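Reading the structure
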Amino acid sequence: MGIVLLALSFSSPGQSAFSFEGQASAVSNFSPRNDLEWLLGFRYIPEVGYQLNLNRGKSLTFMASVNVEGNMMFQPFDEYEIEGDFNPYRIWGRYAGEQYEVRLGLQKIDFGSATILRPLQWFNQMDPRDPLRMTNGVYGALGRYYFLNNANVWAWILYGNEKRRGLDALETYYQHPEFGGRIQYPLPHGEVALSYHHRTARYLTPSEFQPYWEQVPENRIGLDGKWDVEIGLWVEASHIHKSRNVGSLTNQTLMNLGMDYTFLWGNGLNVLVEHLFMDADEKAFQFNESIHFTATSLSYPLGLFGNMSSLLYYDWNAGGFNFFVNYQRQLKTMTGYLMAFYNSGNQQGVVQTSGDLNLFKGPGLRLMLVYHH
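Here the structure is a predicted model, which means the values were calculated and not measured.

Quick word on the overall build of the protein chain
Across its full length, the protein chain carries 0 helices and 20 strands. Among the 373 residues that make up the protein chain, the fraction classed as buried is 43%. Considering only contacts in the protein chain between residues 6 or more positions apart, those separated by 24 or more positions represent 52%.

Spelled out as structure tokens, the structure:
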């Protein structure tokens, strides 16, 4: 979707600053294999911020924004559907020093080394095909401390979050708090990190073979690392264990192996490849029904004002693929995106759904405009 940026800033030198920004976006989409072929959409996110600079490098920052959006899907001269929504997008306050910060409220939490297929996408739904990287936030408190050798430690407590996030198999029981942490440590030519998270999930699909559990304690552990050794290499993995028997969702194991390299052809062609292994079983590490996905990304700059990129997802088990190509052009006061895509419909659980690209099966075209002011 396109963006309109409006910014005002009022400040007392070295003391405080107030800002107001607006982000508006519009999109048109055509997908001939759907019952309603056309989509017109609009989004507006006004954002208000305030920063107070304290002594000894400390600061206090507040930020609030809302997400106002509306979409119309229609078949010309026949039928249509209109929907709209109004939700808080980010509302948080942050206290920061030279080597630490504490943030409280509705915020985005994101970490990990993978780019497209992400086992550690525990707290957001960012779609790599979306130029705006839109995602819901989570309610909670996040603290981070940064050591002088670039190591850092995270700790978080979340509460009141119900929706699925990333590759969640089950919703969260929002009346119980979630908590976890992360330790990230530098290595020669790279870094490695260990993450942990505890939540209470909800199992709302009982059958004659499985009981109904409204509260299912769940523990996650994640490991990721990234290195730059002529080519970029990374690994990202997580294991999820539920303390109650919910069938094949009791244990989940995910691992991503990735690499990228920029070929010095013309303006530089960046090639990125990731492979995701997924397994879900009643007992841990059985690997009875493993699933494999591969994603490939290409990106090529077209001078100073243009870029061409593409994404390809392939399901090795079902044989289906999703394809996405994006042409981006920066004009004097506007950025335009012309996108083409194909969705097989087999990969809804792997391709993230922060936007509405996965609403459409088969081929499609999308136009997005971004206006800067």
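As for the packing of aromatic side chains
Here the distance between the centres and the angle between the planes together describe a pair of aromatic rings. Considering all chains together, one arrives at 16 aromatic pairs under this definition. Ring centres of Tyr145 and Phe147 lie 4.9 Å apart, and the angle between their planes is 75°; on these two criteria the pair is classed as edge-to-face. Its relative accessible area of 34% is what places Tyr145 among the partly exposed residues. Their ring planes at 85° and their centres at 4.9 Å tell us that Tyr314 and Trp316 sit as a pair that is edge-to-face. The exposure class of Tyr314 is partly exposed, given its relative accessible area of 29%. A relative accessible area of 53% means that Trp316 is categorised as exposed. Chaining the aromatic ring pairs together yields one cluster made of Phe111, Trp122, Phe123, Trp154 and Trp156. For Arg144, the ring lying beneath its charged end belongs to Trp154, and the centroid distance is 4.6 Å.

Observations regarding the pairing of strand β20 (residues 362-372)
Taken together, the 5 bridges between strand β2 (residues 16-30) and β20 define a ladder with antiparallel strand orientation. Within β20, the residue paired with Asn29 across the bridge is Arg366. Note that strand β19 (residues 334-343) and β20 share 10 bridges and pair antiparallel. The partner of Gly336 across the bridge, within β20, is Leu369.

Topic: the side chain of Glu37
Position of Glu37 relative to the elements: it lies in the loop between β2 and β3 (38-53). In contact with Glu37, other than residues within four places in its own chain, are Asn29, Phe30, Ser31, Pro32, Phe74 and Gln75.

Describing unusual backbone geometry
The phi torsion at His189 lies on the positive side, around 65°, for a residue other than glycine. Residue placement: His189 occurs in the loop between β10 (178-187) and β11 (190-203). Within the chain, Glu230 stands out as a residue other than glycine whose phi angle is a positive 70°. Note that Glu230 resides in the loop between β12 (213-229) and β13 (231-242).

Criteria and cut-off values
- Residues numbered from 1 in each chain as written.
- Predicted model: local features only at pLDDT ≥ 70, side-chain atom pairs only at ≥ 80, totals over all residues.
- Heavy atoms only, no water.
- Helix = DSSP H or I, 4+ residues; strand = E, 2+ residues; numbered from the N terminus.
- Buried < 20%, exposed > 50% of the residue type's maximum accessible area, 1.4 Å probe, protein only.
- Contact = heavy atoms within 4.5 Å.
- Phe/Tyr/Trp six-rings, centres within 6.5 Å; stacked < 30°, edge-to-face > 60°.
- Lys NZ or Arg CZ within 6 Å of the ring centre and 35° of its normal.
- Pairing = 2+ DSSP bridges.

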